Amino acid sequence: MGQIFNETSVCLQRQPLPYIHPCCWCCLKRVLLLIGGGTQDRCKTTTLDLASLFISSAAHDVDHPGNNNIYETKTRSKLATLYNDQAILENHHAATFFFLVEEDQCNIFENIKGDDYNKMRKSIVDNILYTDMTKHFQFMGELKALPTKEDYDISGKHKGDIMKALVHAADI
């Protein structure tokens, strides 16, 4: 897993706004602290879960233009049009990250095939989309309601929700 993080670091450093990169690594450090609180054991996370979580934390602001979704919508930016005014920057960050890692020298997923890749990609995209601050209170309401559900399963059905919450919490 160390090689994945080293390669991710090199690729993310190539983005046009270098000030975002140190912030993303701070977010990653916060995620590590949250996991250190026992989340890893309670959620029964796999190596791929952890890799998805770390990569999401590092990539969640790739190519950030320095403004917010409201600005993008009000100015009718190309990004707002492209993403239909829905989680504009978060969609842009996720897409930019995956375009970046398609390059041969940045393909951190070259040894991850089939279903494992699809699960990792979905997890990374979901985690990044969950950092949309315009939906913060909706997300928090959903998260607070999870333990009251009859079928609540932190290591199964709801593990993805916990992973998204970790990235969201680290981004605040």
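Right, let's walk through the structure included here. Within any chain, residue numbers begin from 1 and follow the written order of that chain's sequence. Note on the predicted model: pLDDT of at least 70 is required for a residue's local features to be given, and 80 or more for side-chain atom pairs to be given and counted; whole-chain, interface and lining totals, by contrast, use all residues. Side-chain numbers come from the whole structure's heavy atoms, not from hydrogens or water.

## Details of the packing of helix α6 (residues 88-101) against helix α7 (residues 114-129)
Then comes step 1: Helix axes are fitted only over the stretch in contact, all axes being lines through C-alpha atoms; the angle between N-to-C directions runs from 0 to 180 degrees. By definition, any uninterrupted DSSP run of H or I lasting at least four residues is a helix, any uninterrupted run of E lasting at least two residues is a strand, and each is numbered from the N terminus. Two numbers describe how α6 lies on α7: the axes approach to 8 Å, and their chain directions differ by 145°. By crossing handedness, the relation of α6 to α7 is classed as right-handed. Across the interface between the two elements, Glu90, Asn91, His93, Ala94 and Phe98 of α6 pack against Tyr117, Arg121, Ile124, Val125, Ile128 and Leu129 of α7.
Then comes step 2: Classifying every residue of the contact of α6 with α7 gives seven nonpolar, two polar and two charged. Helix crossings are classified by the rotation of the near helix relative to the far one: an anticlockwise turn of less than a right angle makes the crossing left-handed, while a clockwise turn makes it right-handed. The contact definition used throughout considers only heavy atoms, calling two residues in contact when any of these lie within 4.5 Å. Three categories are distinguished: nonpolar for Ala, Val, Leu, Ile, Met, Phe, Trp, Tyr, Cys and Pro, charged for Asp, Glu, Lys and Arg, and polar for the others, with Gly belonging to the last.

## Side note on the pattern of salt bridges
Then comes step 1: The rule for a salt bridge is simple: a side-chain nitrogen of Lys or Arg has to be within 4 Å of a carboxyl oxygen of Asp or Glu. Taken as a whole and judged by the stated rule, the model has five salt bridges.
Then comes step 2: In this structure, the salt-bridge partner of Lys135 is Asp132, at a minimum N-O distance of 3.7 Å.
Then comes step 3: With a closest N to O distance of 3.4 Å, Lys164 and Asp161 form a salt bridge. Of this pair, Lys164 and Asp161 both sit in helix α9 (residues 159-171), separated by three residues, roughly a single helical turn.

## Side note on the layout of surface pockets
Then comes step 1: For each structure, a 1 Å grid was placed over the protein atoms alone; sets of points admitting a 1.4 Å probe that cannot get out are labelled cavities, open sets with protein on both sides within 12 Å along at least five of seven lines are labelled pockets, and lining residues have an atom within 4 Å of a point. Grid points are joined across faces, edges and corners, and a volume is the space filled by probe spheres set on the points. Empty space within the largest pocket amounts to approximately 350 Å³.
Then comes step 2: Those elements that place two or more of their residues in the lining of the largest pocket are α3 (47-59), α7 and α9.
Then comes step 3: If one sorts the elements of the lining of the largest pocket by residue count, α7 sits on top with seven residues.
Then comes step 4: The class makeup of the residues in the lining of the largest pocket is three nonpolar, six polar and seven charged.

## A few points about the environment of Glu72
Then comes step 1: Along the chain, Glu72 falls in helix α4 (residues 69-74).
Then comes step 2: Accessibility expressed as a relative area gives 5% for Glu72, which makes it buried.
Then comes step 3: Linking Glu72 and Leu89, residues 17 residues apart in sequence, is a C-alpha distance of 8.3 Å.
Then comes step 4: Apart from the residues lying within four places of it in its own chain, the contact partners of Glu72 are Pro65, Asn67, Ser77, Leu79, Ala80, Ile88 and Leu89. Remark: exposure states derive from per-residue accessible area (1.4 Å probe, protein chains only) relative to the maximum for the residue type, with buried under 20%, exposed over 50%, and partly exposed in between.

Remember that the coordinates give geometry; whether it matters functionally is a separate question.
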